[in-house]
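# Results of the structural survey
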Amino acid sequence: MSTEEAKSMTDTTETHESEAAQQGAISDFGIDTTSRSTSEAVRDYWASVRGGELGSLPALLGLIVLLIVFSSLSESFFTLGNLANLLQQGASITIIAMGLVFVLLLGEIDLSAGTASGVTASVMALDLIHGGNLLGGMGDGVFYVFCGWLVLAVGLSLLMRLWTGVVLSGIALVIALLGVPANAWIGMLLAICVGASIGCITGYLVAKIGIPSFVVTLALFLVWSGVVLQFIGQGGTLGLRDDTIFQVANGNIGTAGSWILCVVAVGGYAALVLNRHFTRLRKGLVAQPTALVLTKIGGLALLAAVATFALTQNRSPSTLVVIAGVPYVVPLVLVLLVIGTFVLDRTSYGRHLYAVGGNKEAARRAGINVEKIRMSVFVIASSAAAIGAIVYSSKVGSVDPNAGGGNTLLMSVGAAVIGGTSLFGGKGRLRDAVIGGAVLAVIANGMGLLKQPSAVVFMVTGLVLLLAASVDALSRRRAATSAR
């Protein structure tokens, strides 16, 4: 054997050894670089469902059943006007539920989110009615306590180095002290910042002091109920006559704007999904079959196009007025969904959040600031509650002493849980709140069209929530059994 042949054999042997070592490393670390066919992907998904990983599937199936049932029982259900009204009715609960998903991911609960939304709505209304003069609207004593509370929120956020809380609470304090002239956009910003300050105080008591979230938020539920009553007065009502506020929940995008929204939403989704898909293929990581990915995008595009076409038709009962276009609440919910999903899926904060929700002690030992994460979710939840309050106040056109009370919290938590977010923490997506909110909105709307009394609506909604919680518990048990 010549020297060159021996060298060639040695190089070939080293190459094979290197490839074997790489394959061994991949096997050791559980990296799946195999490709899958469509049938294999479907089979794997079915296996995960059988193993207890149900996700939003039960809620989606339930939503489909409800749509079929109500459309068969009521001729008015699938009319254009009712479908647009359905979107507007469920928006406020859906937005509050989106914020509560962050809290539920840690296995915590925020019972004060409903009444906190009432506080933010009443502050916004006082600011608008009194021309930005909160001192005159609240009275000296109440105003100084209000400002002291904002200062406290800023201080607690500084202690925890939660800069978002510092900035938002500080903005609310500046607006209150300067008496900025009344403006709808300033009023809405003030409401969101006040919501964030509420979350700072709640989160600090839970994360740093160590009081169970159930106890803290139950106490604050009562506190904020009293605050709303103090701001508005027994039997009083604060009317919102500002056109900008009115348009938030009652206005519609024009026909051209609706189609632009459709193209941007579908195009953006397609670009993100395809970029992630082909990036995984280039890196040799496991990915869904391209045909399946394209089918999902095509299905979403078709659904969005049909919905946009329907909503751009004139749905006014009068020939003198034209009402057409996608309601403003739709892009609002979509923007919050995209931002929240990006935060949870593509940022270190989102990964830390899931880690803390899965195992708090393990996350602490991994170097994650658990206290800061726990405090931050309450800030997010209260800020989302403020946005939901803006939408609801716009819909009804006023703020009364019952704002945020009643079943607001129960429906919001129910929307998140029905959509698939686990009450035990560590499992859930922001889209769960949207799907669950749609289920509850369809129930309330369909029951109303069938002229069912409130008692029946509450009983049906409660049973649906109980069923969702049961499915969650059973699926987790099934997943634990499969893991063994």
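Residues numbered from 1 in each chain as written. Predicted model: local features only at pLDDT ≥ 70, side-chain atom pairs only at ≥ 80, totals over all residues. Heavy atoms only, no water.

## Some words on the overall build of the chain
Scanning the chain for helices and strands turns up 20 helices and 2 strands. Across the chain, every contact between residues at least 6 apart in sequence was considered, and the portion connecting residues at least 24 apart equals 77%. (Helix = DSSP H or I, 4+ residues; strand = E, 2+ residues; numbered from the N terminus. Contact = heavy atoms within 4.5 Å.)

## Remarks on the packing of helix α3 (residues 57–73) against helix α19 (residues 430–449)
With their axes 10 Å apart at the nearest point, α3 and α19 run at an angle of 20° to one another. Accordingly, the angle class assigned to the pair α3 and α19 is roughly parallel. For the crossing formed where α3 meets α19, the hand is left-handed. Residues Ala-59, Leu-60, Leu-63, Leu-66, Leu-67 and Phe-70 of α3 form the contact with α19, whose participating residues are Ile-435, Ala-438, Val-439, Val-442, Ile-443, Gly-446 and Met-447. (Axes fitted to C-alpha atoms, helices over the stretch in contact; angles between N-to-C directions. Parallel < 35°, antiparallel > 145°, perpendicular 65-115°, else oblique. Left-handed = near helix turned anticlockwise from the far one by under 90°.)

## A few points about unusual backbone geometry
The phi angle at Arg-161 is positive, at roughly 55°, despite the residue not being glycine. Looking at the element boundaries, Arg-161 is found in the loop between α7 (140–160) and α8 (163–178). Although it is not a glycine, Lys-451 sits at a positive phi angle of roughly 60°. Structurally, the position occupied by Lys-451 is in the loop between α19 and α20 (454–483). For Lys-451, a relative accessible area of 73% translates into the label exposed. (Buried < 20%, exposed > 50% of the residue type's maximum accessible area, 1.4 Å probe, protein only.)

## Side note on the packing of aromatic side chains
For the structure shown, the criterion picks out 6 aromatic pairs. Aromatic pair Phe-70 and Phe-77: ring centres 5.9 Å apart, planes at 35°, arrangement tilted. The pair formed by Phe-70 and Phe-77 is uniform in burial state, with each residue classed as buried. Here the aromatic cluster, defined as three or more aromatic residues joined through ring pairs, consists of Phe-146, Trp-149, Trp-224 and Phe-231. (Phe/Tyr/Trp six-rings, centres within 6.5 Å; stacked < 30°, edge-to-face > 60°.)

## So, the nonpolar core
Side chains of nonpolar character tend, in soluble globular proteins, to be buried together. Counting 111 residues, the largest nonpolar core has Val-119, Val-123, Leu-134, Phe-146, Val-194 and Phe-231 as its most contacted members. Broken down by element, the residue count for this core peaks at 13 residues, all from helix α9 (residues 184–209). Contact partners of Val-194, with chain neighbours within four places excluded, come to Val-119, Thr-120, Val-123, Phe-146, Trp-149 and Ala-172. (Core = buried A, V, L, I, M, F, W, Y, C linked by side-chain atoms within 4.5 Å.)

## Observations concerning a positive patch on the surface
A contiguous patch of positive charge, built from Arg-276, Arg-280, Arg-346 and Arg-351, is present on the exposed surface. Mapped onto the elements, Arg-276 comes out in helix α12 (residues 255–282). (Patch = residues over 30% accessible without salt bridge, like charges linked within 9 Å, V, L, I, M, F, W, Y side chains within 5 Å. Areas by Shrake-Rupley, 256 points an atom, 1.4 Å probe, with all protein chains shown as cover. Salt bridge = Lys/Arg side-chain N within 4 Å of Asp/Glu carboxyl O. Lys, Arg positive; Asp, Glu negative; His and termini not counted. Charge placed at Lys NZ, Arg CZ, Asp CG, Glu CD.)

## Some points on the pattern of salt bridges
Using the criterion set out here, one finds 5 salt bridges in the structure. Note that Asp-345 and Arg-429 form a salt bridge whose closest N and O atoms lie 2.6 Å from each other. In this pair, Asp-345 sits in helix α14 (residues 329–346) while Arg-429 sits in the loop between α18 (408–419) and α19, placing the two residues 84 residues apart along the sequence. Since its relative accessible area comes to 27%, Asp-345 is described here as partly exposed. The network of salt bridges with common partners includes Glu-361, Arg-364 and Arg-365.

## Brief notes about a nonpolar patch on the surface
There is a patch of nonpolar side chains on the surface, built from Leu-61, Ile-64 and Ile-68 and spanning about 290 Å² of accessible area. Along the chain, the position of Leu-61 falls in helix α3. Leu-61 gets classed as partly exposed once you look at its relative accessible area, which sits at 48%.

## Things to note about the confidence of the model for the chain
Per-residue confidence for the chain averages 84 on the pLDDT scale, and 87% of its residues sit at or above 70. Contacts of residues 5–10 to residues separated by more than four positions or lying in other chains number 2 contacts, the stretch itself having pLDDT below 50. Note on residues 12–33: pLDDT is under 50 here. Beyond four places in sequence and across chains, it has 9 contacts. (pLDDT = per-residue confidence, 0-100.)

## Some words on helix α5 (residues 113–129)
With 17 residues, α5 should cover 24 Å at 1.5 Å per step; its first-to-last C-alpha distance of 24 Å lies within 8% of that length. Of all 17 residues in α5, 16 are buried; the element is thus mostly enclosed. (Expected span 1.5 Å × (residues − 1).)

## Some points on the environment of Gln-452
Among the secondary structure elements, Gln-452 is positioned in the loop between α19 and α20. Judged by relative accessible area, Gln-452 falls into the partly exposed class, the value being 34%. Filtering out sequence-adjacent residues up to four positions away, Gln-452 remains in contact with Met-447 and Val-457.

## Quick look at the side chain of His-277
Within the secondary structure layout, His-277 lies in helix α12. Relative accessible area serves as the criterion here: at 5%, His-277 is assigned to the buried category. Among residues more than four places away in sequence, those in contact with His-277 are Ala-287, Gln-288, Pro-289, Thr-290 and Val-293.

## Notes on the packing of α12 against helix α13 (residues 290–311)
Remark: α12 packs on α13, axes separated minimally by 10 Å, with the N-to-C direction vectors making an angle of 170°. The angle between the axes of α12 and α13 places the two elements in the roughly antiparallel class. Facing α12, whose interface residues are Ser-258, Trp-259, Cys-262, Val-266, Tyr-269, Ala-270, Val-273, Leu-274, His-277, Phe-278 and Leu-281, α13 presents Thr-290, Val-293, Leu-294, Ile-297, Leu-300, Ala-301, Ala-304, Ala-305, Thr-308 and Phe-309. Here the contact of α12 with α13 is built from residues that sort into 17 nonpolar, 4 polar and no charged. (Nonpolar A, V, L, I, M, F, W, Y, C, P; charged D, E, K, R; others polar.)

## Remarks on the environment of Ala-468
Looking at where Ala-468 falls in the secondary structure, it is placed in helix α20. The exposure class assigned to Ala-468 is buried, which follows from its relative accessible area of 12%. Leave out the neighbours within four places in its chain, and Ala-468 touches Val-417 and Ile-418.

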